Structure formats: structure tokens, C-alpha cells
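# Chains, contacts and geometry: an overview
Here is what each chain is made of, one letter per residue.
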Amino acid sequence: MSESLKDQIQKLKAQRNAIILAHNYQRDEVQEIADLTGDSLELSRKAAATGCDVIVFCGVNFMAESASILSPDKVVLLTAFDAFCPMADMISTGMERELYGAFPGYKDPPRYVYPVEYTLRDIKKDYPCVPVVSYVNTTAEVKAESDICCTSANVVEVIDSLPDERVICVPDKNLSAWAAKNTKKEVISWDGYCHVHDRVRPSDVEKARRAYPDALFMAHPECRLDILEMADNVTSTSGMLRYAAKSSAKEFIVGTEIGLLYRLRKENPDKMFYPLRKDMVCPNMKKTTLESVYNALKEMKHVIKVGGKIRESAWKALNRMLSL
Ligand code: 13P
Ligand code: SF4
């Protein structure tokens with residue numbers, strides 16, 4: 001990509017008093033121009049703490065929503081208007097469509113598995129008085145109807161912080177299974193999954209271990225439980241960065257989306273990192289390009305604004321987690 005496009009992005013960024021945030025799964029060249037890279041929650045927290053006026057979010061829509069919830073006075077731009085997380089859309093309150101009015105001509109967000117007939121409201125009715133823990137990979141509306149949020153890094157801590165013996169954990173069945181294994185509480189799970197992580201099979205791990213016998217295997221908790229049980233370390237994307245940096249090992253098999261390899265390699269030039277499967281690619285994360293970052297800044301699009309009661313309630317669920 002030409003240097004001049006990068007220069008133009010920097011110029012516009014200064015004019016707009018903007019900050020560019022990129023998730024760890026973004027394309028290498030997008031991570032390169034970002035002010036901050038990290039996991040979804042890390043990015044929103046850092047953005048809320050900066051003095052900028054505009055947050056340019058290179059990620060998927062639930063991440064930009066979280067940034068808007070935590071930074072109500074800032075303009076939040078999502079670089080790729082149709083970048084969504086299929087797993088986040090596997091659960092609904094039945095009310096999400098209103099939000100998409102923000103995108104003219106985009107009234108019908110893609111839904112992956114769950115029909116809206118069985119919603120978060122229905123599972124709450126089926127298990128009255130059981131608190132809802134929602135993964136940050138959910139819409140603002142789902143967060144607003146949850147008791148507390150969690151990330152892949154703190155799901156067990158969040159569940160254990162609640163006084164209840166049973167919790168509903170949405171939307172990822174694999175993250176729920178991992179949590180259930182690591183807490184004494186009963187975890188009632190939704191049936192969603194991430195198609196990028198759920199596709200991994202034990203034979204993939206066996207093959208990678210044969211190819212790289214000295215490597216440690218790190219797995220993201222969105223992988224299935226049988227895969228997690230084969231791992232040397234189960235952690236979030238930021239957790240993998242910390243683990244690889246601290247470890248005395250020199251080689252690692254990376255069980256998450258391949259975008260993380262960019263930072264792992266950059267921050268640990270003396271170590272080797274191998275993707276568990278080369279097709280662990282999230283197509284929605286790759287929708288952002290340098291051109292779309294430039295266009296977002298130039299045209300101040302696509303604005304993501306979570307307001308009103310949804311924001312207030314979603315903020316409570318996010319903030320309860322952040323206060324732990
Ligand atoms: P992290 O919060 O670990 O970055 O994960 C986000 C995500 O989308 C995982 O697929
Ligand atoms: Fe969603 Fe999976 Fe993509 Fe993460 S990697 S944004 S969970 S589809």
C-alpha cells in the first residue's frame with residue numbers, strides 16, 4: 001500500500017483529533033497505522049481514557065458499540081459498515097434492528113443461526129432470577145438486558161463474583177464450557193459459537209504438534225473444550241501476547257485468528273509462531289482496509305452511536321465487569 005495513503009490518514013487523523021484503534025485480528029497494514037492495538041475491551045477502555053474527539057474503530061460492530069457505550073461524548077466510526085460478528089448475532093433480544101437505522105439502506109443485519117423467535121428474553125423467562133453473563137461479543141441490546149459482561153480473559157472471575165449458584169452465559173457455548181470446567185457453579189449456556197475457532201479439531205492439534213514438537217500450544221477459549229484440554233495455555237488474544245513474551249519457550253502454535261501473528265512476531269522477534277490452521281481467518285475482521293480507514297476519516301462514516309436507555313443499561317453491565 002502506498003505511503004501517501006498512510007500519510008493522508010495521518011493528516012486527517014490530526015485534523016479530526018482522532019485515534020485509530022485496531023483489534024488484534026486486523027490486517028497487518030491496518031495494525032501498522034493504528035495508535036492502539038488490543039482486544040476488544042482493552043481498546044474501548046483505552047479510548048475512553050484519551051482526550052480525542054473521534055474514535056476510528058477497525059474491528060467489528062459490537063466493538064464500536066462498546067466504545068460508544070464507554071465514550072458517549074466521542075464520535076465513534078466503524079471503518080467497515082458491514083463488519084459484524086456472526087457469533088454476536090446468534091443471540092438477540094428481538095430489538096436490535098433499530099440500531100441499524102444508523103446505516104442507510106442497511107436495515108436487515110445478517111443473522112447467522114438463531115431465529116428471533118427464541119431470544120434472550122425467553123431464556124430469562126425459562127430461568128427466572130438466574131443472572132445473565134454476556135460475553136462482550138454481543139449487541140448493545142443484549143448487554144443492556146444482561147447483569148454483567150465478561151471477556152474471554154475474565155469469564156471465570158466474573159461468574160465467581162456473582163452470589164448466585166447458577167448463571168446463564170451467552171452466546172458462546174465453547175466459552176461457557178470452559179467456564180463450567182473452571183468454576184463450581186452451574187453454567188446454563190446459549191448455543192452460539194465462533195465459526196473461526198469452532199472449526200478446529202484434535203487432529204489439527206496433533207498435526208501441528210508433530211510438525212513443531214518443541215512448540216507450546218496456546219488456544220483461545222472460543223475453541224471447543226476437547227481442543228482447550230490439549231493446550232498448554234488457554235487465554236484471550238492479549239493473554240497470548242503476555243504469555244509468549246514471558247515464556248522461556250522459543251516456539252508457539254497459535255490457536256486463534258491468524259491476525260494475532262503480526263503482533264506476536266513483531267513483539268517477539270527471537271521467537272517462532274505457527275498458525276494452528278492457516279484458515280483461521282475471520283472474514284469480517286478483514287473487511288477493514290487502509291482505504292476504508294481513509295474513507296472513514298474523510299467522510300466521518302460510519303457513525304455508531306448507542307444512546308438512551310440501551311446505553312445506560314449496557315454501560316451498567318460493562319461497568320460492573322470493569323469494576324471487578
Ligand atoms: P479477544 O477479546 O480475545 O480479543 O477476542 C475477541 C474475539 O472476537 C475473539 O474471536
Ligand atoms: Fe466473531 Fe469469531 Fe470473528 Fe471474533 S473471530 S469477531 S468471535 S466471528
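Residues numbered from 1 in each chain as written. Chains lettered and ligands numbered in written order. Predicted model: local features only at pLDDT ≥ 70, side-chain atom pairs only at ≥ 80, totals over all residues. Heavy atoms only, no water.

Take the layout of surface pockets next. Space inside the largest pocket adds up to approximately 270 Å³. The wall of the largest pocket is formed by 13 residues, among which L41, R45, T151, A153 and N154 lie closest to the centre. No other element matches helix α3 (residues 40-49), which puts three residues into the lining of the largest pocket. Looking at the lining of the largest pocket residue by residue, the classes come out as five nonpolar, three polar and five charged. (1 Å grid on protein atoms, 1.4 Å probe; cavity = no way out; pocket = protein on both sides within 12 Å on 5 of 7 lines; lining within 4 Å. Points joined across faces, edges and corners; volume = space filled by probe spheres on them. Helix = DSSP H or I, 4+ residues; strand = E, 2+ residues; numbered from the N terminus. Nonpolar A, V, L, I, M, F, W, Y, C, P; charged D, E, K, R; others polar.)

Before going further, it helps to spend a moment on the packing of α3 against helix α4 (residues 61-70). Closest axis-to-axis distance for the α3/α4 pair is 9 Å, and the angle between their directions is 30°. Classed by the angle they form, the pair α3 and α4 counts as roughly parallel. Handedness of the crossing formed by α3 with α4: right-handed. Of the residues in α4, those touching α3 at S40, S44, R45 and A48 are F62, M63, S66, A67 and L70. Among the residues forming the contact of α3 with α4, the class breakdown is five nonpolar, three polar and one charged. (Axes fitted to C-alpha atoms, helices over the stretch in contact; angles between N-to-C directions. Parallel < 35°, antiparallel > 145°, perpendicular 65-115°, else oblique. Left-handed = near helix turned anticlockwise from the far one by under 90°. Contact = heavy atoms within 4.5 Å.)

Taken as a whole, this structure holds two cavities of 30 Å³ or more when the rule is applied. By volume, the largest cavity is sized at about 300 Å³. Lining the largest cavity we find 28 residues, and of these H23, Y25, M63, N137 and E222 sit closest to its centre. At the level of elements, α3, α4 and α9 (195-198) are the ones that each hand at least two residues to the lining of the largest cavity. No other element matches the three residues that α9 contributes to the lining of the largest cavity. Within the lining of the largest cavity, the residues separate by chemical class into 15 nonpolar, 10 polar and three charged.

Right, let's talk about the pattern of salt bridges for a bit. The final tally for this structure, using the stated rule, is 14 salt bridges. R263 serves as the salt-bridge partner of E267, at 2.7 Å between the closest nitrogen and oxygen. Of the two residues, E267 and R263 both sit in helix α13 (residues 260-267), four residues apart, roughly one turn of that helix. E267 gets classed as partly exposed once you look at its relative accessible area, which sits at 43%. Overlapping salt bridges, with partners in common, bring together D204, R277 and D279 in one network. (Salt bridge = Lys/Arg side-chain N within 4 Å of Asp/Glu carboxyl O. Buried < 20%, exposed > 50% of the residue type's maximum accessible area, 1.4 Å probe, protein only.)

What follows is about unusual backbone geometry. Omega for the peptide link from V170 to P171 comes to -10°, which places this bond in the cis form. Within the secondary structure, P171 is located in the loop between β7 (166-170) and α8 (173-182). Across the junction of K301 and H302, the peptide omega takes the value -5°, indicating a cis bond. For H302, the position within the fold is in the loop between α14 (290-299) and α15 (308-322). Phi at N17 is positive, roughly 50°, even though this residue is not glycine. Assignment of secondary structure puts N17 in the loop between α1 (3-16) and β1 (18-23).

Bringing the pairing of strand β4 (residues 75-78) into the picture now. Inspection of the sheet shows strand β3 (residues 54-58) paired to β4 by four bridges, in the parallel sense. Bridging across to β4, F57 finds its partner in L78. (Pairing = 2+ DSSP bridges.)

Moving on, we get to the pairing of β7. Here is the key point about a regular strand: its side chains alternate between the two faces of the sheet. With four of five residues buried, β7 is to be regarded as a mostly interior element. As defined by bridge partners, strand β5 (residues 132-135) adjoins β7 across three bridges and the pair is classed as parallel. For V132, the partnering residue across the bridge sits in β7 and is I168. One ladder, built from four bridges, connects β7 with strand β8 (residues 186-189); its direction is parallel. Opposite C169, over in β8, you have S189 as the bridge partner.

Chain-level pLDDT for the protein is 92 on average; 93% of the residues reach the 70-or-more range. Low confidence marks residues 99-114, where pLDDT is under 50. Its contacts with residues over four positions away, or in another chain, come to 36 contacts. (pLDDT = per-residue confidence, 0-100.)

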